[in-house]
Amino acid sequence: MKTNLIKSYILVSLLFAFYGWLDVSAQVPNYTNRDSLLRTFDQHFLYLDSLIFGEERHMPTAITISPIPEEQLNRDVYDDALFDVEEARMGTLTSKTGLSLSGQAYYRFYNRSGIINGSSSIEDDSEDSYSIPYDVKAQIELRWSIFGADRLKMKGRRNAIRIQTNIDQSIYDRELLSYAINNLEKDIQNQHDEILVAILKVRMKNLDLMLQRTDLLDANNTSINTETMNLIKDRADIERQIISLIADYDGPILFPRFNPATVRIDTVSLMKFIDEENASLNELELRAELARQQSENQTYWSSVELAPFARLAFYFEVPWYRSGTLDLGVSVKFPITREASRQRKVYASQQRINEVKRSLAFENIRFQITEVVKDLDKQNQAMAIQWATTADLHAKLKVHSESYQRLPNYNRLSRLRDYEIFLHELERMVSLQFKINENLLRLQSLMGNGRTILDFCSVNSLGLI
């Protein structure tokens, strides 16, 4: 009895030892197909080990936000043009002399006696001397409008031009930052896609091998394998996922030595920097400053006309030249208006509007940063768990791979599923790192062109996988 039990135990042990061979080749009477499938499995395992455990793998940087290169921004061309515009605007101020030269010519058809074109000593009704009779009069006047030369508030007017230049520069900075962020976003997306496509294509190879096994079983009518439908569905899902990615990576599949990282944001320093350097905030602040300066530049005296003049008049009585006069005087005009005070109120209102808009924009940025930091905290926790899980699977997968190589026969399908589990977790870790990078890019978009978000955060590399 005891001998029979021992024989039964040995038989069961042998069955379990050869379970892997039975899993792939059982119920497959065609030994050529069976041996070919086994060799395909073994070759694929060597391929997977070289990808996952190879020492020659490249190592991309997990956090890929980098400073915006100045050479890509065309700043020199724009700054030169902006400087030329400012110089031209300044020139318009100094070019206003207030001097004007005017002239008039008269031919008299009627005089006060009703005589047509006749010489007369009857007094003239013009502003000239009434004692000079004439048939033709020519007059030239040189006038200097003192206030019309824009000499009042000259310092303030120059300052308004400089502020407008800074506004134009802030608008350009905002557009440049948007352009650079779009390029960074594309680079990050492409890096993520290349890594993810490599993982997904390896998973497709795994599924293809599993389908070859089920097809072989179905071809020999040895069993009805319900796993085939799920494998076809999973493969189609992966194909659709690859198509949805931006980067269509057609090169050799090279797994990176991925080094995931978590980040902590120094929100106090970041908010201070954004308050000083954010292009949109700067523009609103400058517009408020421009409105304040324009309000100061408005004065009633700008509409007052104080104009010394010299007037030279020539009088002709046909057919001979008769006489001429030279008048010197001052013209004064005080407009009865409240235009200047009302315009100051308009500028004051514009100043308050821009100050309120800037305050609201800053609060909106503060809210965005708070939400991004909260999201990053959750992603950091998820990444720490995901990295620990993936690293543990990686270590165990290496141990299993070495153990399988010492066995002549084993469950090859089970081993392939081990690789699938690891690859799936690696895929999740890559996607999670991409989400972290996306949030960092959102913060970068709120900054100026000079610095990178990495200057305001601490990066904790979790370790190579």
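That block above? That's the structure.
Residues numbered from 1 in each chain as written. Predicted model: local features only at pLDDT ≥ 70, side-chain atom pairs only at ≥ 80, totals over all residues. Heavy atoms only, no water.

Turning to a nonpolar patch on the surface, a few remarks are in order. A contiguous nonpolar surface patch, about 850 Å² in accessible area, is contributed by L99, L101, I140, L142, W144, L312, L326 and L328. Among the secondary structure elements, those contributing two or more residues to the nonpolar patch are β1 (99–107), β2 (136–144) and β5 (320–333). Top element by residues in the nonpolar patch is β2. It accounts for three residues. Looking at where W144 falls in the secondary structure, it is placed in strand β2. Taking relative accessible area as the criterion, W144 reaches 39% and is therefore assigned partly exposed. (Patch = residues over 30% accessible without salt bridge, like charges linked within 9 Å, V, L, I, M, F, W, Y side chains within 5 Å. Areas by Shrake-Rupley, 256 points an atom, 1.4 Å probe, with all protein chains shown as cover. Salt bridge = Lys/Arg side-chain N within 4 Å of Asp/Glu carboxyl O. Helix = DSSP H or I, 4+ residues; strand = E, 2+ residues; numbered from the N terminus. Buried < 20%, exposed > 50% of the residue type's maximum accessible area, 1.4 Å probe, protein only.)

With that settled, consider the pattern of salt bridges. Applying the stated criterion to the full structure yields 25 salt bridges. For D377, the salt bridge goes to R264, with nearest N and O atoms at 3.1 Å. Of this pair, D377 sits in helix α9 (residues 339–405) while R264 sits in strand β3 (residues 261–265), placing them 113 residues apart in sequence. D377 gets classed as partly exposed once you look at its relative accessible area, which sits at 30%. For R264, a relative accessible area of 45% corresponds to the partly exposed category. A cluster of three or more residues bridged by salt bridges with shared partners is formed by E141, R143, E305, R311 and K333.

Turning our eyes to something else, we now look at helix α4 (residues 75–94). Between the first and last C-alpha of α4 there are 29 Å, a value that for 20 residues agrees with the 28 Å anticipated at 1.5 Å per step. Residues of α4 that are buried include every one of R75, L82, E86, M90 and L93, and no others. Buried positions in α4, seen along its axis, are confined to an arc of 80° and lie on one side of it. Facing away from the buried side of α4 by over 90 degrees, the exposed positions are V77, D80 and D84. (Expected span 1.5 Å × (residues − 1). Arc of directions from axis to C-beta.)

Attention shifts here to the packing of aromatic side chains. All told, the structure shown has five aromatic pairs when counted by the stated rule. Relative to Y419, the ring of F45 has its centre 5.8 Å away and its plane inclined at 20°; by these criteria the two rings are stacked. With F45 in helix α3 (residues 31–53) and Y419 in helix α10 (residues 412–444), the pair connects residues that are 374 residues apart, well separated along the chain. No difference in accessibility class separates F45 from Y419, as the two residues are buried. Each ring, one from Y78 and one from Y172, has its centre 3.7 Å from the other, and the planes form 10°; the classification is stacked. Here Y78, found in helix α4, pairs with Y172, found in helix α5 (residues 154–219); they are 94 residues apart in sequence, far enough to count as distant. (Phe/Tyr/Trp six-rings, centres within 6.5 Å; stacked < 30°, edge-to-face > 60°.)

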